[in-house]
Amino acid sequence: MAPAKKRESPGTEVHVDVEGRTLRLTNLEKVLYPSTGTTKGEVLDYYARIAPTLLPHLAGRAVTRIRWPHGVADQSFFEKNVPPGTPAWVRTASVPTTGSRGSSRRVGEREDEIVFPLVDDLATLTWLVNLASLELHVHQWQVTRAGEPRGADRLVVDLDPGEPAGLHECCQVALLARDVLAERGLTTRPVLSGSKGLHLYAELPRRIPSDDSTAMAKDVAESLQRAHPSLVTATMTKAKRGGKVFLDWSQNAGSKTTISPYSLRGRERPAVAAPVTWDEVEAGAEDALALEQLTPAQVLERVEELGDLFAVDA
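Residues numbered from 1 in each chain as written. Predicted model: local features only at pLDDT ≥ 70, side-chain atom pairs only at ≥ 80, totals over all residues. Heavy atoms only, no water.

Moving on, we get to empty space enclosed by the protein. Applying the stated criterion to the full structure yields one cavity of 30 Å³ or more. The computed volume of the largest cavity comes to approximately 50 Å³. Lining the largest cavity are Tyr 262, Ala 274, Pro 275, Leu 294, Val 299, Arg 302, Val 303, Gly 307 and Leu 309. A class-by-class count of the residues in the lining of the largest cavity yields seven nonpolar, one polar and one charged. (1 Å grid on protein atoms, 1.4 Å probe; cavity = no way out; pocket = protein on both sides within 12 Å on 5 of 7 lines; lining within 4 Å. Points joined across faces, edges and corners; volume = space filled by probe spheres on them. Nonpolar A, V, L, I, M, F, W, Y, C, P; charged D, E, K, R; others polar.)

As structure tokens, then:
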């Protein structure tokens, strides 16, 4: 017998004008984060306020969403393709599901495709968030105006701590990774993951195939594992991560995504993938209490005070 579907109670519905598009926003009072009572309306408000800072980092990138229709205490699901009922004005990109993404397709080659949304305006962002898309994930490559995948334009390393290691140890490893990447001529920017660890991003001097950026990130991870075996692992096996920081180099693969800077996370409490300064990371490496994951309100305050720390020229 199939489980009964949850019934939605009648909720607030409003029609709003967003940059000339009329959107129907529903269930604004629905609680999406039960531990804090954070509602869908508050989530929409965060994304509307952070949009001027967030949208430039989504521009031209296919967006995968994680949706929590009934809030973070319930089930979620990944969504890559645009869903049924997508407005005709939403810009999309048809991306091949086979082969190495981030590089050109071979002429005449037929491939299955995923039709991703491209989130380059507030109306599209608002429409997606109204579908309870709390997390926005992107690739390390962009698409052309015609929707063709391009080479990777940046490298990312995900620092994921294995208990009892935590953010403190991630900060220590981040400083080591920063130096190794600097030896390769790359300048890195740290971003709190909004979960347990840190992400490091480095702009590439030119676009390269995703296979090449993946190999580069793997080389960095393995070199740090050799130099600091008690602190760092480049091994995927979770059983070998205890007390160490796993440098996940695989998110550079053409098919993989990473949470976008300034996106919310669907954790028990609302937190944001938030850019931070290297001074803050250094403080976190010295003192386990000096740095912690940031809330939406804190991120909005920081952007007001510090601007966009993830901007290349920040």
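To continue, consider helix H3 (residues 167-183). Since the α-helix packs 3.6 residues into each turn, any two residues three or four apart lie on the same face. With 17 residues, H3 should cover 24 Å at 1.5 Å per step; its first-to-last C-alpha distance of 24 Å lies within 8% of that length. If you check which residues of H3 are buried, you get Leu 167, His 168, Cys 170, Cys 171, Val 173, Ala 174, Leu 175, Ala 177, Val 180 and Leu 181. Just beyond H3, the residue with positive phi is Gly 185, at close to 80 degrees. (Helix = DSSP H or I, 4+ residues; strand = E, 2+ residues; numbered from the N terminus. Expected span 1.5 Å × (residues − 1). Buried < 20%, exposed > 50% of the residue type's maximum accessible area, 1.4 Å probe, protein only.)

Further remarks concern the packing of H3 against helix H4 (residues 210-227). The axes of two packed helices give the description: the angle between them and the distance between them. Running from N to C, H3 and H4 point in directions that differ by 125 degrees, and their axes come no closer than 10 Å. Between H3 and H4, the angle falls in the class oblique. Relative to H4, the crossing made by H3 is right-handed. Touching Leu 176, Ala 177, Val 180 and Leu 181 of H3 are Val 220, Ser 223 and Leu 224, all from H4. Along the lines of polarity and charge, the residues of the contact of H3 with H4 split into six nonpolar, one polar and no charged. (Axes fitted to C-alpha atoms, helices over the stretch in contact; angles between N-to-C directions. Parallel < 35°, antiparallel > 145°, perpendicular 65-115°, else oblique. Left-handed = near helix turned anticlockwise from the far one by under 90°. Contact = heavy atoms within 4.5 Å.)

Now for the environment of Leu 159. Looking at the element boundaries, Leu 159 is found in strand S11 (residues 149-161). Among the residues examined, Leu 159 registers a relative accessible area of 0% and is labelled buried.

A word on the side chain of Arg 265. Counting through the fold element by element, Arg 265 comes out in the loop between strand S16 (258-259) and helix H5 (278-286). In contact with Arg 265, other than residues within four places in its own chain, are Tyr 33, Glu 135, Ser 193, Gly 194, Ser 195, Ile 259 and Ala 271.

Turning to the pattern of salt bridges, a few remarks are in order. Counted according to the given criterion, the structure contains 14 salt bridges. In this structure, Arg 184 engages Asp 219 in a salt bridge whose closest nitrogen and oxygen atoms are separated by 2.4 Å. Here the residue Arg 184 occupies a position in the loop between H3 and strand S12 (188-192), and Asp 219 occupies one in helix H4, the gap between them amounting to 35 residues. By relative accessible area, Arg 184 is classed as partly exposed at 35%. Between Arg 189 and Glu 203 there is a salt bridge whose closest N-O contact spans 2.4 Å. Here Glu 203 lies in strand S13 (residues 198-208) and Arg 189 lies in strand S12, a separation of 14 residues in the sequence. Relative accessible area serves as the criterion here: at 29%, Glu 203 is assigned to the partly exposed category. Here the salt bridges share partners, and the residues they tie into one network are Arg 65, Arg 67 and Glu 79. (Salt bridge = Lys/Arg side-chain N within 4 Å of Asp/Glu carboxyl O.)

Taking burial as the measure, the nine residues of helix H2 (residues 122-130) include eight buried ones, the bulk of the element. Within H2 the residues assigned to the buried category are Ala 123, Thr 124, Leu 125, Thr 126, Trp 127, Leu 128, Val 129 and Asn 130. For H2, the secondary structure elements touched by its buried residues are strand S1 (13-18), strand S2 (21-26), helix H1 (40-58), strand S5 (63-67), strand S8 (113-117) and strand S9 (133-138). The residue sitting at the N-terminus of H2 and contributing the capping side-chain oxygen is Asp 121; that oxygen lies 3.3 Å from the backbone nitrogen of Ala 123. Immediately downstream of H2, the backbone of Ala 132 shows phi near 65 degrees, a positive value. (Polar contact = N/O pair within 3.5 Å; in protein donor to acceptor, adjacent residues only side chain to side chain.)

Quick look at the packing of aromatic side chains now. Tallying each qualifying case throughout the model produces two aromatic pairs. Taken together, a centroid distance of 5.3 Å and an interplanar angle of 65 degrees make the contact between Tyr 46 and Tyr 47 edge-to-face. Tyr 47 shares its class with Tyr 46; the two are buried. Taking the centre distance of 5.0 Å and the plane angle of 80 degrees together, the rings of Tyr 201 and Phe 310 count as edge-to-face. Of the two residues, Tyr 201 sits in strand S13 while Phe 310 sits in the segment after helix H6 (296-306), which places them 109 residues apart along the sequence. With respect to class, Tyr 201 is no different from Phe 310; both count as buried. Looking at Arg 178, its charged tip hangs above the ring of Trp 278, at a distance of 4.6 Å from the centre. One Lys or Arg, Arg 189, reaches over the ring of Phe 310 and ends 4.0 Å from the middle of that ring. (Phe/Tyr/Trp six-rings, centres within 6.5 Å; stacked < 30°, edge-to-face > 60°. Lys NZ or Arg CZ within 6 Å of the ring centre and 35° of its normal.)

We now examine the nonpolar core. Grouped together as the largest cluster of nonpolar side chains are 78 residues, with contacts concentrated most on Tyr 46, Tyr 47, Ile 50, Leu 125, Leu 159, Leu 247 and Val 299. Those residues in contact with Tyr 47, other than ones at most four positions away along the chain, are Leu 54, Leu 125, Val 129, Ser 133, Leu 134, Leu 136, Tyr 262, Ser 263 and Leu 264. Ranked by size, the runner-up nonpolar core spans eight residues in total, among them Ala 62, Ala 93, Ile 114 and Leu 118. (Core = buried A, V, L, I, M, F, W, Y, C linked by side-chain atoms within 4.5 Å.)

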